[in-house]
Amino acid sequence: MTIKKSEPSVKVLIVDDDNDVLNLLENWLTTEKFDVKRALSGLEALNLVGIYKPDLVVTDLYMEGMDGMALLTELHNDDPLLPVIMLSGQAQIPDAIKAMHLGTSAFLTKPINQNEFLETVKRVTPSLINKSILGECTKNIIYKSKEMSDIIEMASLVADNDVSVFISGATGTGKEVIAKAIHEASSRRNHRFIAVNCGAIPEQLLESELFGHEKGAFTGANVKHEGLFQAANGGTILLDEIGDMPLALQVKLLRVLQDFEVRPVGSTKTYPIDVRLISATHKNLEEAVEKREFREDLYYRLKVVPLEIPNLAKRTDDIPPLTEHFLANYAKNNKQDYKKFSPDAMKYLVSMPWPGNVRQLMNVIDLCATLSKNKTIPLSLVRKAVHDDPIHIQTLKESKQAFERGYLLSVLRITHGHVANAAKIAGRNRTEFYKLLNQYNIEPASFRDKKHTEKEVN
Amino acid sequence: MSDEKIIIQVDPDLEELIPGFLENRNADIAKLRSFLDDKDFINIQSIGHSTKGVGGGYGFDLMSELGAEIESAAKESDADKIRETINQLDDYLRRIEIEYA
């Protein structure tokens, strides 16, 4: 999935009885893309707060009528966590101490220095920093809907906390994109982001993939293998399709989350890990818990912060910008002129149910762009493309092939490209195994040099 | 008093705000003189306080210093000091030339 929007602005209410101060602060803040409302008195500010719902209030201390301290008290009666920056022309320590006791986030003395002011604004509202980082990381994320805006907002709030995030949503809604954006917006962004599809790897291999194994741990395990949890140390691991994880492994995962250490298969030693876990699934895990297919304790451990990505049909505002984005990508990748949809074709696209979500939309747009001989894609062609690609569900053959390919990649990764060992694990002879590798155009040598890769495990 | 220009470098982002800001400061001078005639030290202190708070932010550091002096002199009810500082502020406002850089 791809999302983009002019990032939701952080809202700052500035309060001062001097218009020149308000002008100055407004100028500084809007230059930095903050959304600003101004109030000339404490009372005006209080009236505005309920309507404007600011993320931050900056107020002068000395004002006619209600002063900054009284305003702060009133504001915190309603929302004790609302950050407030107090400005004062007097560098009086008792005022500063009182303001801090009352819950002021920062106390600045006038004349105000632009850099100091903006740094303070960013510092006292951690979500502001996350939002700007997230905005940077989500350059390729296209969205316009309120629904996605809320998801991004929540993602930005949790990005820099190590809480477990649980992303749910149907296939094709972009769960991994959001997980990656959270990683990129967190302080772990300079370490690895590793995505593992738990549903695509057989149970025994999954354990070895996640936690590693010792030499001789099982047939074909001729070398020690470092698991993905260790490879992701310092970074983030996404366990996609967590609902498909076998029960036996769920217990082991729970232990990892409790103890922050992993024990590779066949090892008596444990290794400490520092990994942020994000999990995702298209399944209804509550039902799985009820059916005892998923451990309840693990479920609650994972679902500290739930993010539910709505289906594309529930956020139709995203369809036009996504469509434009995919058309532009198509034109760029194929070195062709930019095509566009006729107005009735676009209306049709917006009205479709899109059971395959953003992925399906992308497929249909690619198909339309390929088939259209004109610069304007007509409704008739869109109808045909949607009909030809109703959901883009894989055929059984495609699905089997995808699984087989993923399986081969996994065993080669575990055996570090040792074909004989990989063949043993797979229960095939070497000749048959080589045939399979040729069939999927997999080069075992590419697994030998690198100790581990951080590419997605499919 | 000298006629030599005082060059002040101001952030170009503030260009639109500067004329209004300076107009308000000139209006302050008139108010200060009037309050001084009335020996209204409370209002003088208030204007000095505001001038101190806002000048430096726009890039006029000396304005903030003079504002602080006016505020302080008003607390002491020192009319001579206030008059002298108002004149300095007036002179400063007349001589400044803005460079947006």
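Keep in mind that what you see is a predicted model, and the values were worked out from it rather than measured.

Participant: What exactly am I supposed to notice about the overall build of chain A here?
Facilitator: Along chain A, the regular secondary structure elements total 20 helices and 16 strands. Here chain A, with 458 residues, has 40% of them falling under the buried criterion.

Participant: Looking at this model, I keep getting lost on helix H20 (residues 430–439) of chain A. Mind explaining?
Facilitator: At 3.6 residues per turn, the α-helix brings residues three or four places apart onto the same side. Little of H20 of chain A sits inside the fold, with one of its ten residues counted as buried. In the stretch just after H20 of chain A, Asn441 of chain A is the one whose phi turns positive, near 55°.

Participant: Where do I start with the environment of Pro355 of chain A in this structure?
Facilitator: Residues and elements named next belong to chain A. Inspection of the secondary structure puts Pro355 in the loop between helix H15 (343–351) and helix H16 (357–371). Pro355 gets classed as partly exposed once you count the C-beta atoms within 10 Å, which come to 16. Considered as a pair, Pro355 and Ala170 are 185 residues apart in the sequence and their alpha carbons are 8.6 Å apart.

Participant: What exactly am I supposed to notice about the sheet that holds strand E10 (residues 236–240) of chain A here?
Facilitator: Residue and element names in this part refer to chain A. Taken together, five strands build an open sheet; the order of strands is E7-E10-E13-E6-E14 and the sheet is parallel. The open sheet terminates on both sides in strands that have one partner only, identified here as strand E7 (193–197) and strand E14 (305–308). Averaged over all neighbouring strand pairs, the angle between strand axes comes to 20°, with direction disregarded.

Participant: What exactly am I supposed to notice about the packing of helix H1 (residues 19–31) of chain A against helix H2 (residues 41–58) of chain B here?
Facilitator: Helix packing for two helices is described by the angle between their axes and how far apart those axes are. Running from N to C, H1 of chain A and H2 of chain B point in directions that differ by 30°, and their axes come no closer than 10 Å. Comparing the axis directions of H1 of chain A and H2 of chain B gives the class roughly parallel. Considering the relative orientation of H1 of chain A and H2 of chain B, their crossing is left-handed. Taken together, the residues of H2 of chain B that come into contact with H1 of chain A (itself represented by Asp20, Val21 and Leu24 of chain A) are Gly53, Val54, Gly57 and Tyr58 of chain B. When its residues are assigned to classes, the contact of H1 of chain A with H2 of chain B shows four nonpolar, two polar and one charged.

Participant: Mind showing me how you'd approach the sheet that holds strand E1 (residues 11–15) of chain A here?
Facilitator: Sheet strands pair by backbone hydrogen bonding; their relative direction is either parallel or antiparallel. Residue and element names in this part refer to chain A. Taking strand neighbours across the sheet as the criterion, the five strands line up as E2-E1-E3-E4-E5 in an open arrangement whose pairing is parallel. The open sheet has two edge strands, strand E2 (35–39) and strand E5 (106–109), and neither has a second partner. Taken over all neighbouring pairs, the strand axes of this sheet differ in orientation by 20° on average, direction set aside. The pairing of strand E4 (residues 84–88) with E5 spans four bridges and is classified as parallel. Directly across from Met86, in E5, lies its bridge partner Phe107. Against the sheet, helix H5 (residues 114–124) contacts strand E3 (56–60), E4 and E5, and its axis sits at roughly 175° relative to E5.

Participant: I tried to follow the pairing of E2 of chain A on my own but got confused; where do I start?
Facilitator: Side chains on a regular strand alternate between the two faces of the sheet. All names here are of chain A. Judged from the five bridges that link them, E1 and E2 form a sheet pairing that is parallel. Bridging from a neighbouring strand, Ile14 pairs with Arg38 of E2. Regarding topology, H1 serves as the crossover connection from E1 to the parallel E2, and that connection is right-handed.

Participant: What is the right way to read the packing of helix H14 (residues 319–333) of chain A against H16 of chain A from this model?
Facilitator: Residue and element names in this part refer to chain A. One can describe the packing of H14 onto H16 by two numbers: an axis separation of 10 Å at closest approach and a directional angle of 50°. Looking at the two axes, H14 sits oblique to H16. In this structure, H14 meets H16 at a crossing whose hand is right-handed. Listed contacts from H16 to Ile319, Leu322, Thr323, Phe326, Leu327 and Tyr330 of H14 are Val358, Leu361, Met362, Ile365, Asp366 and Ala369. Its residues placed into classes, the contact of H14 with H16 shows ten nonpolar, one polar and one charged.

About the cut-offs
Residues numbered from 1 in each chain as written. Chains lettered and ligands numbered in written order. Predicted model: local features only at pLDDT ≥ 70, side-chain atom pairs only at ≥ 80, totals over all residues. Helix = DSSP H or I, 4+ residues; strand = E, 2+ residues; numbered from the N terminus. Buried ≥ 20, exposed ≤ 12 C-beta atoms within 10 Å, placed from the backbone. Pairing = 2+ DSSP bridges. Axes fitted to C-alpha atoms, helices over the stretch in contact; angles between N-to-C directions. Parallel < 35°, antiparallel > 145°, perpendicular 65-115°, else oblique. Left-handed = near helix turned anticlockwise from the far one by under 90°. Contact = placed C-beta atoms within 7 Å. Nonpolar A, V, L, I, M, F, W, Y, C, P; charged D, E, K, R; others polar. Right-handed = clockwise from strand over helix to strand, strands pointing away.

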